[in-house]
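Breakdown of the fold
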Amino acid sequence: MMNFEFNSEQELIKKTVREFGQKEIAPVVRDIDDGKRIPDEIIKTLADIGLLGMTVSSDYGGAEADPVTVGIVAEELARADISCAIPTFFLVQAAWGQLLDKHGREAAKKDILPGVTKGRAFLGIAATESDVGSDLANMRTVAKKVENGYLINGQKMFISGIAEAVDQLPQGGGYVTLARTDPSRGTRGMSLFYIPLKGTKGITSTTFEDWGRRGISTGGFTLEDVQIPGDFLIGEQNRGFQLVMEGFDYARAIISVVCAGAAMSALEQAMEHLKQRRAFGQPIGRFEGIQFKLAEHWAKLDAMRLLGYKALWMFGKEQSEGAYSRFEVTRHCAEAKLLAPRFAFEAINDAIQWFGAFGYTLDCPLELALKGVRSYYWAEGTLEILKIIVARELLGKEYVAYR
Ligand SMILES: Cc1cc2nc3c(=O)[nH]c(=O)nc-3n(C[C@H](O)[C@H](O)[C@H](O)COP(=O)(O)OP(=O)(O)OC[C@H]3O[C@@H](n4cnc5c(N)ncnc54)[C@H](O)[C@@H]3O)c2cc1C
């Protein structure tokens with residue numbers, strides 16, 4: 001049996017987040033981008049209504065939300081904040097909070113998760129390095145087992161939320177971080193650690209100036225003889241690569257509905273304009289040259305949004321019932337995320353075109369959406385790497401050209 005409806009609780013959450021988004025977020029999106037930070041009051045409200053770290057267990061203040069519900073919140077936040085800064089802040093913590101909650105040890109969970117659910121701490125993912133992004137199997141950060149824990153050396157770069165984790169949020173924050181524990185064993189010699197940034201000896205951080213999604217920072221950090229307790233190992237030693245892929249699956253599926261939210265919101269704003277703006281004696285919305293594009297964009301967004309929710313639903317069924325294999329889930333999440341940023345970007349680009357010269361001014365907010373969804377051509381896996389993943393799952397591992 002198939003059911004395309006949200007349940008009554010999900011409908012209520014959707015309505016609540018939509019109202020909050022339209023009232024409190026949409027009017028200040030340009031200010032958030034110019035100010036390069038999400039205002040404290042917005043983070044506090046997100047926490048107060050139970051949306052931050054909503055995937056984690058109630059022991060740490062979370063709502064134990066299922067992936068479809070998380071998708072609904074992410075989509076609604078993106079409808080309001082078309083720049084994707086707030087949705088990114090939300091989704092990174094939802095996906096990696098779930099991973100830490102499920103596979104982490106008590107000490108790490110206690111250190112960060114209550115702060116995340118209260119909006120007082122940031123939790124992100126640190127996998128990419130300055131020399132290695134797509135080819136993660138070749139990353140260099142190393143963790144050595146020592147008495148009482150691990151000694152970590154290396155560097156992570158192009159990481160979301162660095163300013164938030166270093167000093168913007170009251171308790172700072174930390175990262176689910178990938179490091180080699182047995183360099184001779186490739187991806188089977190990598191482990192995941194929780195590393196707090198604020199106040200940790202041996203860490204220096206940096207931030208970049210991005211051209212989009214500027215309400216959340218991007219940056220990097222170096223680790224020089226950083227000592228962390230053994231309890232900050234997440235899951236089993238040398239199983240980190242497999243675990244990090246689980247987190248990426250979740251994040252990718254959420255990103256697909258974020259792109260749908262931002263792009264559909266942009267198209268709706270454009271539709272109002274198509275009805276008002278006149279050329280050649282009639283509203284420009286009457287011209288088929290515009291209508292055909294609008295219809296195609298809407299149909300594509302509708303389709304990829306449904307694929308995103310299917311991926312989220314499958315991820316949930318896999319996590320709670322073991323209903324699907326990791327491979328099937330990975331493929332669906334990759335499919336959804338490889339379509340979403342591109343479909344969204346192309347739709348927003350045409351929506352801007354329909355605004356005429358006004359579309360090229362900063363008074364038209366849609367450039368924020370264009371730049372925001374563009375970040376997902378890279379973040380959490382590039383469109384090219386996602387195609388490699390989908391093809392690998394379709395053809396079989398023996399058709400991967402390199403490892
Ligand atoms: C705004 C933003 C936020 C980010 N946040 C985070 C974060 O929080 N945590 C984190 O760990 N990382 C983060 N990243 C990094 C992101 O995961 C990487 O950018 C991504 O994995 C690609 O790595 P790279 O930038 O090193 O590109 P590279 O791996 O150097 O690739 C360069 C280009 O070559 C292409 N390419 C590489 N190999 C192939 C191939 N075999 N076939 C075809 N094309 C190929 C890539 O697709 C890409 O277009 C973020 C990135 C951005 C832009």
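Predicted, not measured: the structure shown is a model, and the values here were computed from it. (Residues numbered from 1 in each chain as written. Predicted model: local features only at pLDDT ≥ 70, side-chain atom pairs only at ≥ 80, totals over all residues. Heavy atoms only, no water.)

1. Looking at the packing of aromatic side chains
Given two aromatic rings, their pairing is described by the distance between the two centres and the angle made by the two planes. Here the structure, examined in full by the defined rule, presents 13 aromatic pairs. Judged by centre distance (5.3 Å) and plane angle (85 degrees), the ring pair of W96 and F248 falls under edge-to-face. One end of the pair, W96, is in helix 5 (residues 85–103); the other, F248, is in helix 8 (residues 240–276), and 152 residues separate them in sequence. Exposure remark for W96: the relative accessible area of 0% places this residue in the buried category. Residue class for F248 comes out buried when judged on its relative accessible area of 9%. Plain terms: the ring middles of Y194 and F232 are 5.1 Å apart, the flat faces sit at 65 degrees to each other, and that makes the pair edge-to-face. Of this pair, Y194 sits in strand 5 (residues 190–196) while F232 sits in the loop between strand 7 (218–229) and strand 8 (233–234); the two residues are 38 residues apart in sequence, bridging distant segments of the chain. As far as burial versus exposure is concerned, Y194 and F232 are alike and both buried. (Phe/Tyr/Trp six-rings, centres within 6.5 Å; stacked < 30°, edge-to-face > 60°. Helix = DSSP H or I, 4+ residues; strand = E, 2+ residues; numbered from the N terminus. Buried < 20%, exposed > 50% of the residue type's maximum accessible area, 1.4 Å probe, protein only.)

2. Quick word on the site of the ligand
In the vicinity of the ligand there are 18 residues, among which T128, S134, T382, E384 and Y402 approach most closely. Taking A127, its main chain carries an N or O atom lying 2.8 Å from an oxygen atom of the ligand. Between S134 and the ligand, the recorded distance is 2.7 Å, taken from a side-chain N or O atom to an oxygen atom. Protein contacts shield 68% of the accessible area of the ligand, which totals 970 Å² for the unbound molecule. Residue assignment for the shell around the ligand shows that the elements contributing at least two residues are strand 1 (122–126), strand 3 (149–160) and helix 12 (383–395). Of the residues that make up the shell around the ligand, three or more belong to each of domain 2 (123–234) and domain 3 (240–399). (Near = heavy atom within 4 Å. Polar contact = N/O pair within 3.5 Å; in protein donor to acceptor, adjacent residues only side chain to side chain. Areas by Shrake-Rupley, 256 points an atom, 1.4 Å probe, with all protein chains shown as cover. Domains from an automatic or database assignment.)

3. Observations regarding the pairing of strand 5
A large share of strand 5 lies buried, amounting to 7 of its 7 residues. A two-sided burial pattern is seen for strand 5, the buried positions comprising M190, L192, Y194 and P196 on one face and S191, F193 and I195 on the other. Relative to strand 5, strand 4 (residues 173–180) runs antiparallel, the two sharing 7 bridges. In the sheet register, L178 faces strand 5, and the bridge partner there is L192. (Pairing = 2+ DSSP bridges.)

4. Focus on a positive patch on the surface
Together, R185, R188, R239 and K397 make up a region of like positive charge exposed at the surface. Structurally, the position occupied by R188 is in the loop between strand 4 and strand 5. (Patch = residues over 30% accessible without salt bridge, like charges linked within 9 Å, V, L, I, M, F, W, Y side chains within 5 Å. Salt bridge = Lys/Arg side-chain N within 4 Å of Asp/Glu carboxyl O. Lys, Arg positive; Asp, Glu negative; His and termini not counted. Charge placed at Lys NZ, Arg CZ, Asp CG, Glu CD.)

5. Section: helix 3 (residues 40–48)
Of all the positions in helix 3, only I42, I43, L46 and A47 are classed as buried. Looking down the long axis of helix 3, one finds its buried residues gathered within 135 degrees of arc, a one-sided arrangement. Among the exposed residues of helix 3, those pointing more than 90 degrees away from its buried face are E41 and D48. Here the buried face of helix 3 lies against helix 1 (8–25), helix 2 (29–35), helix 4 (67–80), helix 5 and helix 6 (106–117). Downstream of helix 3 by a residue or two, G50 has a phi angle that is positive, lying close to 80 degrees. (Arc of directions from axis to C-beta. Contact = heavy atoms within 4.5 Å.)

Fair warning: the whole summary comes from geometry, so function is off the table for now.
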